[in-house]
Structures are given as structure tokens and as C-alpha cells.
Amino acid sequence: MFDMKNLQKIANLKENAPEAMAGFLALDEAALKEGAIPKKYKELMALAVALTTQCGYCLEVHRKAALKAGATEEELAETTFVAVALRAGAALTHGTHLV
């Protein structure tokens, strides 16, 4: 099901729901632009979230954006383990509902 070519179909969504797509694009741009938090850090956060939600499209898009913003391979590796720790922590804390 995962194929980067599917992103081309976003044009169909834009055509059929232009106002909603414009709203999404404005939100995406505002959230990820340089601000109090540098763009590189925002892209690394996006990668951690994408790893947690397991969105292959987001991983590819934000990996490229993070590298363009100056992220290093070491930062990508550490970001991966932040996501790993959070997923593991969530399983641990939700386990408290079982005992």
C-alpha cells in the first residue's frame, strides 16, 4: 500500500476539497517554519512523531526536510531512539491498566 507515487494523488484532494486543503497547507507551513524552535528541530520532532505513528510518507518527506535543514545522521539516529523510548514507555504505562 505504501508507495511514494500515491502522494501525487494529493492533487485530487486539493481539487475536490480546495478550502480544506488550503487550510491544511497553511497549518503545515505555519507549524514547520523557522520560529522560536529552529526548523531543523521541528523536522526532527516530525520524524519522531512519524516513527511513532508509523507513517512512511511522513518519514520520507520529513527525513529529506531534516537533512536539508542541516540534521546529521547522528541526530536522525538519536531521534529514532527518542521515538523508541516513547513507544516503549507508552506500552509500559498502559500496562498499569492490566495489573
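Just so you know, these numbers come straight off a predicted model, no measurement behind them.

Peer 1: In this structure, what is going on with the pattern of salt bridges? I would like to understand it.
Peer 2: Pairing is possible between side chains that carry opposite charge, provided their charged atoms lie close to one another. One pass over the structure, following the stated rule, counts four salt bridges. In this structure, Glu60 and Arg63 form a salt bridge, with 3.0 Å as the shortest nitrogen-oxygen distance. One end of the pair, Glu60, and the other, Arg63, are both in helix H4 (residues 56-68), three residues apart, so they sit about a helical turn from each other. Glu60 sits in the partly exposed class, given a relative accessible area of 22%. Glu60 is paired through a salt bridge with Lys64; the nearest N and O atoms lie 3.6 Å apart. With Glu60 and Lys64 both in helix H4 and four residues apart, this pair spans about one turn of that helix. Through salt bridges with shared partners, a single ionic network connects Glu60, Arg63 and Lys64.

Peer 1: I keep staring at helix H5 (residues 73-95) and nothing clicks. Help me out?
Peer 2: Since the α-helix packs 3.6 residues into each turn, any two residues three or four apart lie on the same face. Over its 23 residues, H5 extends 33 Å from the first C-alpha to the last, a length consistent with the 33 Å expected when each residue adds 1.5 Å. Residues of H5 that are buried include every one of Leu76, Thr79 and Ala83, and no others. Buried residues belonging to H5 abut helix H3 (39-53) and H4.

Peer 1: What am I meant to see in the environment of Phe2 here?
Peer 2: Looking at where Phe2 falls in the secondary structure, it is placed in the segment before helix H1 (10-16). Apart from the residues lying within four places of it in its own chain, the contact partners of Phe2 are Gly56 and Tyr57.

Peer 1: Sorry if this is basic, but what is going on with the packing of H3 against H4 here?
Peer 2: Geometrically, a packed helix pair is captured by the angle between its two axes and the distance between the axes. Two elements in contact, H3 and H4, have axes separated by 9 Å at closest approach and are oriented at 160°. Here H3 lies roughly antiparallel to H4, going by the angle between them. Crossing of H3 against H4: the hand is left-handed. Touching Glu43, Leu44, Ala46, Leu47, Ala50 and Leu51 of H3 are Cys58, Leu59, His62, Arg63, Ala65 and Ala66, all from H4. Class assignment for the residues of the contact of H3 with H4 results in nine nonpolar, one polar and two charged.

How each quantity is defined
Residues numbered from 1 in each chain as written. Predicted model: local features only at pLDDT ≥ 70, side-chain atom pairs only at ≥ 80, totals over all residues. Heavy atoms only, no water. Salt bridge = Lys/Arg side-chain N within 4 Å of Asp/Glu carboxyl O. Helix = DSSP H or I, 4+ residues; strand = E, 2+ residues; numbered from the N terminus. Buried < 20%, exposed > 50% of the residue type's maximum accessible area, 1.4 Å probe, protein only. Expected span 1.5 Å × (residues − 1). Contact = heavy atoms within 4.5 Å. Axes fitted to C-alpha atoms, helices over the stretch in contact; angles between N-to-C directions. Parallel < 35°, antiparallel > 145°, perpendicular 65-115°, else oblique. Left-handed = near helix turned anticlockwise from the far one by under 90°. Nonpolar A, V, L, I, M, F, W, Y, C, P; charged D, E, K, R; others polar.

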